[in-house]
Amino acid sequence: MTESTTIEAPPPPLEVTRILVEEDATPVVRLIGCTLRDAAAVARDGGDELVAGFLGTVAVRSHDTPQAATVTLAGDVVEVTSGVFLEPTASVVVDLNARFAPTEEPTGDAELAAALLGALRRPMAPWRDAAARFWAATREIPGIPDVLVVEATGPDGSERGRFGEGATTYGIAGPADLLSGVFSGADDFLVALAAGLQVDGTLSQLSVMTAASWRVRFDV
Amino acid sequence: MSELTRPRRAVRLEATNHEGSLLGKNVSPTKFRVGKDSGFAFADILFAIDLNNEIVLGDAFPDWRGNIYDIQMVPDMATLVEWRPGLDSVIGDYWLKDGTPVPICPRNLVRKLVARLAERGYDATVAVEIEATLFEESVQEARERGYRDLTPLGGSAGATYHLARSSDWVVYMDAVVERLDQIGITWEAWTDEAAPGQTELNLAPTDPVRLGDSWARTRQIMREVAFELGHTVSFMAKPTAGFGQGAHINISLNSDSVNRFFAGEGPSDLMKHAVGGLLATMAGATSIVMPQITSYRRLVDLTGPPTTISWGVNNKTAAVRAITGHPKYSRLEYRLPGADVNPYFAIAAVLAGVLAGIERQIEPPEQVTDMAWCLPASSGVSRIPDTMSKAGAALDADPLLREYLGDEFVDFWVASRRWEWMEFHTKGGDPFAELSAWESQRYFEFP
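What counts, and at which threshold
- Residues numbered from 1 in each chain as written.
- Chains lettered and ligands numbered in written order.
- Predicted model: local features only at pLDDT ≥ 70, side-chain atom pairs only at ≥ 80, totals over all residues.
- Heavy atoms only, no water.
- Helix = DSSP H or I, 4+ residues; strand = E, 2+ residues; numbered from the N terminus.
- Rg over C-alpha atoms; globule rule 2.2 N^0.38 Å.
- Buried < 20%, exposed > 50% of the residue type's maximum accessible area, 1.4 Å probe, protein only.
- Contact = heavy atoms within 4.5 Å.
- Areas by Shrake-Rupley, 256 points an atom, 1.4 Å probe, with all protein chains shown as cover.
- Lys, Arg positive; Asp, Glu negative; His and termini not counted.
- Charge placed at Lys NZ, Arg CZ, Asp CG, Glu CD.
- Domains from an automatic or database assignment.
- Buried area = accessible area lost by both parts, 1.4 Å probe.
- Salt bridge = Lys/Arg side-chain N within 4 Å of Asp/Glu carboxyl O.
- Polar contact = N/O pair within 3.5 Å; in protein donor to acceptor, adjacent residues only side chain to side chain.
- Pairing = 2+ DSSP bridges.
- Axes fitted to C-alpha atoms, helices over the stretch in contact; angles between N-to-C directions.
- Core = buried A, V, L, I, M, F, W, Y, C linked by side-chain atoms within 4.5 Å.

Draft legend 1. Highlighting the overall build of chain A. When you go through chain A residue by residue, the secondary structure sums to 6 helices and 11 strands. A compact globule built from 220 residues would reach a C-alpha radius of gyration of about 17 Å, and chain A, at 18 Å, matches this within 12%. Dimensions of chain A, computed from C-alpha atoms along their principal axes, come out at roughly 55 × 35 × 35 Å. Scored against the burial criterion, the 220 residues of chain A give a buried share of 49%. Across chain A, every contact between residues at least 6 apart in sequence was considered, and the portion connecting residues at least 24 apart equals 59%.

Following this line, the structure appears as structure tokens:
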């Protein structure tokens with residue numbers, strides 16, 4: 001087991017492609033917006049810019065609920081809105097609880113669909129980086145514990161991380177990839193609990209951690 | 001016969017949780033005698049479950065909530081009635097072990113505001129118009145059908161005030177008011193309402209706590225009578241994809257047994273300030289009086305419910321209608337609440353607005369003398385928040401409602417509505433349907 005020290009959160013990234021989300025957006029619109037903003041931040045830091053320069057609209061539909069959104073790509077601006085009210089250039093059907101994994105072959109403009117799915121399905125940040133960002137992003141949520149203690153299991157055994165200082169502590173343990181998903185907002189916290197994530201804290205802290213996970217997943 | 005000598009098999013303890021459902025348990029007469037003063041233990045989870053029995057998450061619990069603690073329900077013996085032969089029922093309030101009220105207890109919240117009003121020298125008289133829709137099918141059949149495609153009781157043609165409803169509809173309503181009479185709930189009128197199968201039942205003006213009790217019990221009676229007659233009743237804000245249904249609250253303020261909303265001509269200054277407070281808090285109060293996803297589907301111009309934050313003398317298209325000019329009947333009609341509201345929270349929201357207005361002498365905006373629906377933006381009249389998320393944000397940001405209802409209640413309520421919004425969108429609700437199956441499953445039978 002490797003013990004680590006507290007990691008300071010990195011500065012908030014700037015965006016290359018502007019991601020716009022409509023007012024009073026639904027969760028799926030917020031989720032797409034957050035994910036694309038993360039992708040844009042990766043591009044700013046030297047990663048591939050996957051959606052810049054594309055033109056067209058992509059319908060994104062959930063495979064098991066009525067959730068749907070339209071992503072309009074217009075060069076360096078991407079806008080996400082609720083529902084699908086026009087004939088899109090491309091359509092994708094995805095599992096929103098599996099990191100936008102397509103459940104059907106995309107229809108329409110295959111290149112456009114692939115570009116959007118590429119942005120929505122970027123590789124996860126390492127769990128330690130994701131945890132640091134998560135902790136920094138959720139500090140002002142009322143009742144949030146002071147310290148996050150993470151135990152991640154991977155092919156090489158388990159690692160521990162401790163984030164923050166203070167009197168109240170919350171423990172989260174699980175597979176490293178699942179932790180990356182939860183901390184980055186790619187995975188739903190409550191769904192992850194059913195998938196093997198383990199927590200050590202009070203019911204009240206679980207409630208607050210739910211709010212924290214919604215903050216990074218949906219920006220609410 | 002005194003309440004302690006009347007023979008009975010059980011006493012039903014009753015109180016609403018935050019959703020407005022009448023919750024409780026039946027206890028033996030011996031158990032009741034032992035616990036009626038000290039209270040009965042209920043798990044705090046009753047304030048933490050949604051209408052699908054999921055634990056509501058997303059906020060920091062106050063100290064009195066832990067890993068599912070007990071809170072005490074103390075019966076208010078003034079509410080003890082013989083519900084039916086062999087069964088008494090009594091309504092209670094939730095208290096903490098230190099003797100302070102549970103801050104989010106709906107009935108205690110009303111009591112707190114009544115007390116604040118009394119400090120100002122006023123008492124409130126309130127009444128409610130309860131709307132509900134009746135269906136021919138039994139609740140078992142309704143469940144099998146997913147609460148869809150049901151047959152309106154009394155015929156399918158909707159026509160307000162129609163007296164030619166078939167006798168099954170009349171038999172049902174006669175049975176309801178007979179039960180109300182038996183347990184001492186004073187009703188004033190019932191009638192055919194706009195939608196097929198819809199009725200409006202008016203409870204008589206009384207004090208706010210008593211009205212909350214009567215309102216909650218009336219819904220219970222309407223359900224029980226429906227069960228007995230093999231029919232179904234729903235208080236959903238929109239039980240079918242047609243008309244919605246509301247719960248208008250009428251209020252006046254008195255001192256020395258005189259209605260202080262009355263003035264010789266038009267509204268009194270006190271009434272104007274009450275209107276000012278009700279309108280100043282209306283955006284935030286929307287979250288409370290329109291509690292469910294379906295509540296917002298009512299907000300359609302020209303269909304009955306108000307859509308703008310507006311008031312007017314004798315203007316039923318406005319959110320607050322002022323009835324003036326009569327020494328006894330001068331009052332305000334708050335037309336925003338849905339039929340699915342928690343009765344106590346609805347009354348509390350109205351009292352909070354009235355208190356804010358009279359304590360701060362809030363002047364109302366110009367009354368709307370035209371139709372208050374479909375107003376252009378240039379009118380300067382704001383729209384009522386039309387989604388649960390908008391209304392929740394308005395409540396969260398409302399300093400007046402935070403003062404009068406308390407931060408703990410507001411934080412709790414905002415979080416619980418965020419949970420509801422999230423459940424709807426991520427668990428199968430369809431925001432683009434006129435009424436989704438998810439809503440029917442969740443809201444048709446409760447609260």
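Resuming the write-up.
Draft legend 2. Focus on the overall build of chain B. Counting secondary structure elements, chain B contains 12 helices and 15 strands. Its C-alpha atoms give chain B a radius of gyration of 21 Å, within 12% of the compact-globule value 22 Å for 447 residues. In terms of overall dimensions, chain B has C-alpha extents of about 65 × 50 × 45 Å along its principal axes. Of all 447 residues assigned to chain B, the portion counted as buried reaches 60%. When the accessible surface of chain B is summed, it comes to about 16800 Å², and 51% of that surface belongs to carbon and sulfur atoms. Between the centroid of the 43 positive side chains of chain B and the centroid of its 59 negative side chains there is a distance of 3 Å.

Draft legend 3. Local environment of the domain arrangement of chain B. Residue and element names in this part refer to chain B. Along its sequence, chain B is carved into domain 1 (10-103) and domain 2 (116-396 + 421-439). Computed from C-alpha atoms alone, the centre-to-centre distance between domain 1 and domain 2 is 26 Å. Contact residues are listed per partner, giving 19 residues for domain 1 and 15 residues for domain 2. Taken together, the two surfaces of domain 1 and domain 2 that pack against each other cover about 1300 Å², and 49% of this comes from carbon and sulfur. Area buried by domain 1 at its contact with domain 2 is led by Leu22, Trp83 and Ile91, which between them contribute 40% of it. Taken together, domain 1 and domain 2 are joined by 2 salt bridges. The shortest N-O distance in the salt bridge between Arg217 and Glu14 comes to 3.3 Å. Inspection of the region where domain 1 meets domain 2 yields 10 residue pairs in polar contact (both at pLDDT 80 or more).

Draft legend 4. Summary view of the interface of chain B and chain A. Contacts between chain B and chain A engage 23 residues on the former and 25 residues on the latter. Summing both sides of the interface, chain B and chain A together bury roughly 1900 Å²; the carbon and sulfur share of this comes to 75%. Ranking the residues of chain B by area buried against chain A places Leu57, Met422 and Phe432 of chain B at the top, with a combined share of 28%. Our enumeration of links across chain B and chain A arrives at 0 salt bridges.

Draft legend 5. Summary view of the sheet that holds strand E11 (residues 198-200) of chain A. All names here are of chain A. Reading across from one edge, E9-E8-E10-E11 is the order of the 4 strands in this open sheet, with mixed pairing throughout. At either margin of the open sheet sits one strand with a lone partner, and together these are strand E9 (157-163) and E11. When the angles between neighbouring strand axes are averaged without regard to direction, this sheet yields 15°. Here 3 bridges tie strand E10 (residues 169-175) to E11, and the two strands are oriented antiparallel to one another. For Ile172, the partnering residue across the bridge sits in E11 and is Val199. Those strands touched by helix H3 (residues 127-137) are strand E8 (147-154) and E9, and its axis lies near 25° from that of E9. Lying over the sheet, helix H4 (residues 176-184) contacts E8 and E10, oriented at roughly 125° with respect to E10.

Draft legend 6. Main features of the nonpolar core. With 184 residues, the main nonpolar core has Ile32 and Leu36 of chain A together with Tyr94, Tyr172, Trp215 and Leu332 of chain B as its most contacted residues. Among all residues touching Tyr94 of chain B, those that are not within four sequence positions of it are Ala15, Thr16, Phe42, Leu46, Phe47, Ile71, Gln72, Met73, Pro101, Val102, Cys105 and Asn108 of chain B.

Draft legend 7. Geometry of the pairing of E10 of chain A. Residues and elements named next belong to chain A. Counting buried positions along E10 yields 5 of 7 residues, so the element is predominantly enclosed. Two strands pair when backbone bridges link them, and E8 and E10 are joined in this way by 7 bridges, in the parallel orientation. Bridging across to E10, Val149 finds its partner in Gly171.

Draft legend 8. Seen up close, the environment of Asn17 of chain B. All names here are of chain B. Turning to its location among the elements, Asn17 is positioned in the loop between strand E1 (10-16) and strand E2 (22-27). Separated by 157 residues in sequence, Asn17 and Asp174 place their C-alpha atoms 29 Å apart. Leave out the neighbours within four places in its chain, and Asn17 touches Leu23, Leu46, Phe47, Ile49, Pro106 and Asn342. In this structure the side chain of Asn17 is engaged in a polar contact, spanning 3.1 Å, whose partner is the backbone nitrogen of Glu19.

Draft legend 9. Structural detail: unusual backbone geometry. All names here are of chain B. With an omega of 5°, the peptide bond between Phe446 and Pro447 qualifies as cis. The residue Leu302 is not glycine, and still its phi comes out positive at about 70°. Within the secondary structure, Leu302 sits in the loop between helix H7 (282-289) and strand E13 (311-313). Of note in this structure, Cys374 is not a glycine but carries a positive phi near 60°. Relative to the helices and strands, Cys374 is located in the loop between helix H8 (343-360) and helix H9 (388-396). Residue Cys374 is classed as partly exposed on the basis of its relative accessible area, which comes to 42%.

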